[in-house]
Amino acid sequence: MAGKLAITIGRQYGSGGREIGVRLGELLGFRVYDKELLFMAAQKNGINPDALRRVDEKATNSLLYTLAVGTTLYGSYSIGVDVPINDQLFITQTEIIKKAAEEENCIFIGRCADYVLRNHPNRISVFVYADKEERIARIMKEYTVSRDEAASMIAKTDKRRMNYYNFYTGRKWGKLDNYHLCIDSALLGVEGAAQMIAAVVKSYLARAEQE
């Protein structure tokens, strides 16, 4: 297979998507990119990482609005003081994601990576979801919060991720057509889901070698 393989993972909050991505990286020996993209973007732009963390995966009303109707305006502009920090983060993360995908086999969690790499020749895009009650139980356990608090966290985070994705891609977050594989993590758990995706990746690689 010519070129490197990029795996992108979109996920509902509380579905275990990040944990699945990390475990998948261990199984395949691929580097996993998640929140470290924030620090890489901060270092590249000379911005305080805390400032970027506050706008991570959050959309903004800005000059990049036309992305929502399918254009790629960010490719025509350099980052300057007039560009909102949300857009600076999106632009820089886009550059980092594309560069990393060219250089090594890797896994990207969130950050609209399936859209950013839509033209990458070797890409497998995954969306992880789960029943709401399963997600509530996971968040309650992970953060030691009440059921109502967990439900609120899920609603707010999913809405933020949806708005971010829809705004910067012009696509609909979680829509089946945007992904190669959609997995209900409640069916097999984190380990089982990671093993399943790994099996798909290995089958894809084996097929690519034969072609």
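In this text, all values refer to a predicted model and were calculated from it rather than measured experimentally.

Let us look at the packing of aromatic side chains. Any aromatic ring pair is given by two values, namely how distant the centres are and how the planes are angled relative to each other. Per the stated rule, a full pass over the model turns up seven aromatic pairs. Relative to Phe108, the ring of Tyr33 has its centre 5.2 Å away and its plane inclined at 20°; by these criteria the two rings are stacked. Note that Tyr33 is positioned in strand S2 (residues 31-33) and Phe108 in strand S3 (residues 106-109), a separation of 75 residues in sequence. In this structure, Tyr33 and Phe108 share a single accessibility class: buried. Summarising the aromatic geometry, the rings of Phe90 and Tyr164 are spaced 6.3 Å apart at their centres and angled 75° between planes, so their arrangement reads as edge-to-face. Pair noted here: Phe90 is in helix H4 (residues 85-103) and Tyr164 is in helix H7 (residues 147-169), with a separation of 74 residues, a long-range link. Accessibility classification places Phe90 together with Tyr164 in one group, the buried group.

Let us look at the sheet that holds S2. With respect to topology, five strands assemble into an open sheet ordered S2-S3-S1-S4-S5, the strand pairing being parallel. With one partner strand each, in any of the chains shown, S2 and strand S5 (181-184) form the two edges of the open sheet. On average, each strand axis in the sheet is tilted by 20° relative to the strand beside it, whichever way the strands run. Relative to S3, S2 is paired through three bridges, and the arrangement is parallel. Along S3, the bridge assignment pairs Tyr33 with Phe108. Lying on the sheet, helix H8 (residues 185-210) is in contact with strand S1 (6-11), strand S4 (123-129) and S5; it crosses S5 at an angle near 155°.

So, how was this worked out
Residues numbered from 1 in each chain as written. Predicted model: local features only at pLDDT ≥ 70, side-chain atom pairs only at ≥ 80, totals over all residues. Heavy atoms only, no water. Phe/Tyr/Trp six-rings, centres within 6.5 Å; stacked < 30°, edge-to-face > 60°. Helix = DSSP H or I, 4+ residues; strand = E, 2+ residues; numbered from the N terminus. Buried < 20%, exposed > 50% of the residue type's maximum accessible area, 1.4 Å probe, protein only. Pairing = 2+ DSSP bridges. Axes fitted to C-alpha atoms, helices over the stretch in contact; angles between N-to-C directions. Contact = heavy atoms within 4.5 Å.

These results come straight from atomic positions and should not be treated as a statement about function.
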